[in-house]
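# Survey of secondary and tertiary structure
Chain by chain, the residues:
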Amino acid sequence: MQPDVTSAAHHSGRAPEPVGLYPHARRVGNLLFLSGVGPRQRGQQQVPGVELDEQGRIRRYDFESQCHAVFQNVRYILEDAGARWEDLVDVTVFLTNMRADFATYNRLYAEYFQTNQPCRTTVEINCLPTPIAIELKCVAALPG
């Protein structure tokens, strides 16, 4: 017999619009799974701190501003789905330049997660679907 697990999609009115056909998050039981979250801001295609060349490739970027924007977008999605930052239990971090950006990410992560310390995995990938240097994939455990 299958357990009775309901699933509900959540869309945030404050986080950036998804770049494909998927919700910002999906709740299954007491778990909230966030889709990959990048640093864009709602209603904008421009990524904070990114300068592109004529072919649309990243010329330079401000990684710290992207980190702050990603954390804010995660917070928006959590709150709009009825969760809190402290409910995060797992964070997967995708970086496009581990060597250049990991130390900055690690420093900022420590500031944002002083009291709540979810599990974390950080991987380097060669690119993301939009011209960004970081994306987070998160899971939160909701009370009750």
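See the structure shown above.
Described in the following lines is the structure provided in the data block. (Residues numbered from 1 in each chain as written. Predicted model: local features only at pLDDT ≥ 70, side-chain atom pairs only at ≥ 80, totals over all residues. Heavy atoms only, no water.)

### Quick look at the overall build of the chain
We count it as follows: Strands are runs of DSSP state E lasting at least two residues, helices are runs of H or I lasting at least four, and both sets are numbered from the N terminus onward. Atoms counted for the radius of gyration: C-alpha only. Globule rule: 2.2 Å times the number of residues to the power 0.38. The classification of residues rests on relative accessible area computed with a 1.4 Å probe and restricted to protein chains. Under 20% of the type maximum is buried, over 50% is exposed, and intermediate values are partly exposed. Residues count as neighbours in contact if any of their non-hydrogen atoms are within 4.5 Å of one another. Under the convention used here, a 1.4 Å probe and the Shrake-Rupley method define accessible areas, while residue burial counts only the protein chains that appear. Residues scored as positive are Lys and Arg, those scored as negative are Asp and Glu, and His as well as the terminal groups of each chain are ignored. Note on charges: their place is set at NZ of Lys, CZ of Arg, CG of Asp or CD of Glu.
Of the regular secondary structure elements, the chain holds two helices and eight strands. Reading the helices (α) and strands (β) of the chain from amino to carboxyl end gives β-β-β-β-β-α-β-α-β-β. Here the C-alpha radius of gyration of the chain, 16 Å, is about what a compact globule of 144 residues would show, namely 15 Å. Referenced to the eigenvectors of the C-alpha coordinate spread, the extents of the chain come out at roughly 55 × 30 × 25 Å. Out of the 144 residues belonging to the chain, those deemed buried represent 37%. For the chain, contacts bridging at least 24 residues in sequence account for 67% of all contacts bridging at least 6. Carbon and sulfur atoms make up 50% of the accessible area of the chain, which totals about 8,100 Å². Charged side chains of the chain number 14 positive and 16 negative; the gap between the two group centres comes to 1 Å.

### Examining the environment of Tyr76
Tracing the sequence through the fold places Tyr76 in helix 1 (residues 63-80). Given the relative accessible area of 22%, Tyr76 is considered partly exposed. With 60 residues separating them in the primary sequence, Tyr76 and Pro16 have C-alpha atoms 9.6 Å apart. In contact with Tyr76, other than residues within four places in its own chain, are Ser12, Arg14 and Ala15.

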